[in-house]
Amino acid sequence: MKKFIAYLVDRRIALCCKGVLGKTICALMCSSALLSCQSVDVELNSEFPVPQVERLPIDVGIIFSEELVDYTYAEEIDGLGQLNIKLGKTPFDLLKSLGAGVFSDYQMVTTVARDDVYDGYLRTQISGFQIATPRQTRTDYYEVWIRFNFVFLDQGGNAISEWVVPSYGKANEADYRTKERALEAAARSACRDAMAVFSLRAASNSNVLQWRGAIKNSNTLDESEISEKDGA
Amino acid sequence: MCSFVIFVLSGCVNATLQEVRERETGFVEGQSVVVIGRSNLPSTTETELDFIECVAADLSKNDKGLRVIPADEFRDVVFPWFEPRVEPERSAQLAWLLNQPRLAAQLDSIDLRYLVWIDGRTIRTSSAGSLGCAVGPGGGGCFGFLTWDNDASYEATVWDARIGQTAGRISSDAEGTSYMPAFVVPLPIVARVKSNACKSLSKQIANFLSSGDA
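Below or above, wherever it landed, is the structure these notes cover. (Residues numbered from 1 in each chain as written. Chains lettered and ligands numbered in written order. Predicted model: local features only at pLDDT ≥ 70, side-chain atom pairs only at ≥ 80, totals over all residues. Heavy atoms only, no water.)

### Overview of a nonpolar patch on the surface
All names here are of chain B.
In step 1: A surface patch of nonpolar side chains, amounting to about 440 Å² of accessible area, comprises Phe 143, Phe 183, Val 184 and Val 185.
In step 2: Counting residues per element, the nonpolar patch draws most heavily on strand 6 (residues 165–186), which supplies three residues.
In step 3: The topology assignment puts Val 185 in strand 6. (Patch = residues over 30% accessible without salt bridge, like charges linked within 9 Å, V, L, I, M, F, W, Y side chains within 5 Å. Areas by Shrake-Rupley, 256 points an atom, 1.4 Å probe, with all protein chains shown as cover. Salt bridge = Lys/Arg side-chain N within 4 Å of Asp/Glu carboxyl O. Helix = DSSP H or I, 4+ residues; strand = E, 2+ residues; numbered from the N terminus.)

And the structure:
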């Protein structure tokens, strides 16, 4: 068997050195080698619309962390190669649009302020990212799932509640010229899905209600302290 | 000459159109319409984006002053009310949506009069024959014969955004057989089923919207 394999290797090398057929085989081998180590790099560049919903009467500081800026999803996928999806500025734009549409006032901040500038804070994390390719699911669709964790903090930066929002987006590969564009469209769709869920359900979501309750109590306490001081 | 070649190389397409009118339609110049696909359906029944874009593009060529808003732009303007997870499935839900103050203001800002939902898709119903190609150092070629049938079945449901009710439905069915004989060089004779369905459906939608009183 070893002799046979050695013969084949010798024969292939010999073919590569001679004639049109040899060059063709060489070209095919090089192409397949290149294809097998290809990588797919997707960088999301998206602007998101402002949700047209009734705003919550909360002045919020939206904490934007370095972790979100650098978020990159990487996976080695059979038939696709190394896949890298870099979210880049996308989470910043997403949160900015959410802030503008869902809250009465907002500011993008990096940390909790010392003074009581805001009623509360919103910190966002991505705790899950998953993709499926048409080859894996035997459909025509690239699919993306993203799990967002929205953590609601009080004025002092203490966590009050957490809302986990799983989102989903898909894109038909036939509608896009390249797999990069299809994946970008699916990821963008998943981000919009998360925004839709957050903006439409925030007013009735129990975690948001708990946060609003804590903000209300804190404001009531502040008011009573002020009136006590005024009385003294 | 080119159009003659295209005509000769095109397969035959049979198209049928049906229209059901529930209400009078019409519009004032400057009012807008959006052609949009269902995005909350299972993947296998979702309408192709290029078909929706084709209908919107053909409809925008109308000479009656009806403005066609691209579906993506519309979804941004009314975000998040027409996202896949929450988009309305029945016209009765539109009436409820019109009561949302910020959404209603957005719809007013674009002067939306009609929403046209497109359902359906083009599928290959059958195929037969075989074709083989070979390449060698001295050249290559293909030999054989292929034939396939495509069926494009679409329905457009028109909602009157002013009153939040269905104005009517238009359906377009087109079917055609394509051939590909190959003797060294393959010669595709393709029946342009989807394109035919798009043209006939958009023409019928334009007629449907413009007939009647505003």
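### A closer look at unusual backbone geometry
In step 1: At the junction of Phe79(B) and Pro80(B), the peptide bond is cis and its omega measures out at 5° in the coordinates.
In step 2: Of note in the backbone geometry, Arg138(A) takes a positive phi value of approximately 55° without being a glycine.
In step 3: With respect to the helices, strands and loops of the structure, Arg138(A) is situated in the loop between helix 5 (134–137) and strand 7 (141–153).

### Examining the pattern of salt bridges
In step 1: The tally for this structure, following the rule as stated, stands at 15 salt bridges over all chains.
In step 2: Across the pair Arg85(B) and Asp193(A) runs a salt bridge whose closest N-O atoms are separated by 2.7 Å. In this pair, Arg85(B) sits in the loop between helix 3 (71–77) and helix 4 (91–97) while Asp193(A) sits in helix 6 (residues 179–201), so the two residues belong to two different chains.
In step 3: Salt bridges linked by common partners bring Arg192(A), Asp76(B) and Glu83(B) together as one network.

### What about the sheet that holds strand 3 (residues 67–69) of chain B?
All names here are of chain B.
In step 1: Ordered in space as 1-6-5-4-2-3, the six strands form an open sheet in which the pairing is mixed. The open sheet has two edge strands with one neighbour each: strand 1 (13–21) and strand 3. In this sheet, adjacent strand axes meet at a mean angle of 20° when their direction is disregarded.
In step 2: Here six bridges tie strand 2 (residues 32–37) to strand 4 (residues 112–136), and the two strands are oriented parallel to one another. (Pairing = 2+ DSSP bridges. Axes fitted to C-alpha atoms, helices over the stretch in contact; angles between N-to-C directions.)

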